[in-house]
Amino acid sequence: MEVNFRDFSQKVIAVDSSGSSRTLVFDLLKGIGFKDLQGLPGIKELLGLLEVEPVGWIVTSIFPGQPNNLLQLLRLISRVPGLRKIRVSAFVDGGELEILPAAFELGLLSYHMKPF
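Residues numbered from 1 in each chain as written. Predicted model: local features only at pLDDT ≥ 70, side-chain atom pairs only at ≥ 80, totals over all residues. Heavy atoms only, no water.

Draft legend 1. Region of the structure containing the side chain of S110. Counting through the fold element by element, S110 comes out in strand β5 (residues 110-113). A distance of 2.7 Å separates the side chain of S110 from the side chain of S89, its partner in a polar contact. Within the structure, the side chain of S110 is placed 3.1 Å from the side chain of H112, a separation counted as a polar contact. When near neighbours in sequence (up to four residues on either side) are disregarded, S110 contacts V88, S89, A90 and F104. (Helix = DSSP H or I, 4+ residues; strand = E, 2+ residues; numbered from the N terminus. Polar contact = N/O pair within 3.5 Å; in protein donor to acceptor, adjacent residues only side chain to side chain. Contact = heavy atoms within 4.5 Å.)

What follows is the structure in structure tokens.
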């Protein structure tokens, strides 16, 4: 699957423990034109979905201190050939900025500050 951000048919996954944050992201992405949106509460659930469905873009919180976190996700995507075209953007709190250099080295596309 070729990732092209002008192709609004690609599947976009929003991952955040807060349902209201996921809804806010959905509203923004729907306004841009994306139609295939799904929300998940954590990266563990995302990893299960990646095994069975093609995804074009993941927008996720970092989930610091958890075994399934942004850096683990980026490492997986960079090592598994079938996942390498997935783009990942992160939601970051002010106290999480120190993780960004490592995340960009692993292929992070962009970051966006919380609260929205």
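Draft legend 2. Expanded view of helix α2 (residues 43-50). Among all positions in α2, only I43, L46, L49 and L50 are buried. Buried residues of α2 fall within an arc of 110° about the axis and therefore sit on the same side. (Buried < 20%, exposed > 50% of the residue type's maximum accessible area, 1.4 Å probe, protein only. Arc of directions from axis to C-beta.)

Draft legend 3. A look at the environment of A102. Within the fold, A102 resides in helix α4 (residues 100-105). Using a relative accessible area of 32% as the deciding quantity, one classes A102 as partly exposed. Separated by 61 residues in the primary sequence, A102 and P41 have C-alpha atoms spaced 23 Å apart.

Draft legend 4. Main features of the pattern of salt bridges. Going through the model one piece at a time under the given rule, you end up with 3 salt bridges. Here K11 makes a salt bridge to E53, at a shortest N to O gap of 3.2 Å. Here the residue K11 occupies a position in the segment before β1 (12-15), and E53 occupies one in the loop between α2 and β3 (57-61), the gap between them amounting to 42 residues. Using a relative accessible area of 31% as the deciding quantity, one classes E53 as partly exposed. Ionic pairing is found between K114 and D16, a salt bridge with its closest N-O pair at 3.6 Å. Pair noted here: K114 is in the segment after β5 and D16 is in the loop between β1 and α1 (19-32), with a separation of 98 residues, a long-range link. By relative accessible area, D16 is classed as buried at 5%. (Salt bridge = Lys/Arg side-chain N within 4 Å of Asp/Glu carboxyl O.)

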